[in-house]
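# Observations on the model geometry
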Amino acid sequence: FAKECIKPALGNLIQVLNNSNLDCRYLKCLATIVCLIEENCSIYCDNLLELYEILYKKLISQGYTFANAVLIFDGFAFAIAYSLKGDKRLIQKVESKMVFLLKSTMQKNVQEMLAFVVQLFAVIIDFSGETNTDSINSIFNSILCPENWIPDNEAIIPAYLTFLQTYFKYNPNALTGSIQ
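Residues numbered from 1 in each chain as written. Predicted model: local features only at pLDDT ≥ 70, side-chain atom pairs only at ≥ 80, totals over all residues. Heavy atoms only, no water.

## A closer look at the pattern of salt bridges
If you walk through the whole model with that rule in mind, you get seven salt bridges. A salt bridge links Asp46 to Lys93; the shortest N-O distance between them is 2.8 Å. Of the two residues, Asp46 sits in helix α3 (residues 45-61) while Lys93 sits in helix α5 (residues 91-108), which places them 47 residues apart along the sequence. By relative accessible area, Asp46 is classed as partly exposed at 45%. The class for Lys93 is partly exposed, based on a relative accessible area of 35%. Where Lys97 meets Glu53, a salt bridge forms, and the shortest distance between an N and an O atom there is 2.3 Å. Taken as a pair, Lys97 in helix α5 and Glu53 in helix α3 lie far apart in primary sequence, 44 residues in all. Classification of Lys97 as buried rests on a relative accessible area of 19%. Under the relative-accessibility criterion, Glu53 is labelled buried at 15%. Residues joined in a network through salt bridges with shared partners are Glu53, Lys57 and Lys97. (Salt bridge = Lys/Arg side-chain N within 4 Å of Asp/Glu carboxyl O. Helix = DSSP H or I, 4+ residues; strand = E, 2+ residues; numbered from the N terminus. Buried < 20%, exposed > 50% of the residue type's maximum accessible area, 1.4 Å probe, protein only.)

Read these as layout, nothing more, since geometry by itself doesn't imply function.
Below, the structure written as structure tokens:
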């Protein structure tokens, strides 16, 4: 892809992904596009958020596979990181999309996907430097609840740790401050 062809390519990819099953080739193609537009990713943030929402819904409806989940969430992490790196003001838009994904994931109770979503919130923190939002504070307080640190949640504990490490990196006072 030439960089000047990105917008039409994204539009075409959205149409293809709307009308097809998940395919690793399409997912890799999208990751390539995101990498090509790194410095301009914030310009395409709306398109990318729409595209990753479509992919997420397809992952849920067509059946979860780890390989597709990794491709989708890795690409989503790059899109979030590059978008926020380009324009930190996009945090509210990105975060609202992530809240939707978090709620959907919790309703479907797919623990592996919940781990991906929690890690994406860590990416939001890392590239925005922001820890003082309702959803991020809600996740932080939820993670600290003892009932989340049980053997049944073993698969998500690395995601909890990634989130907490990133949260404390940007909000070290939370280590000693009062927690609601």
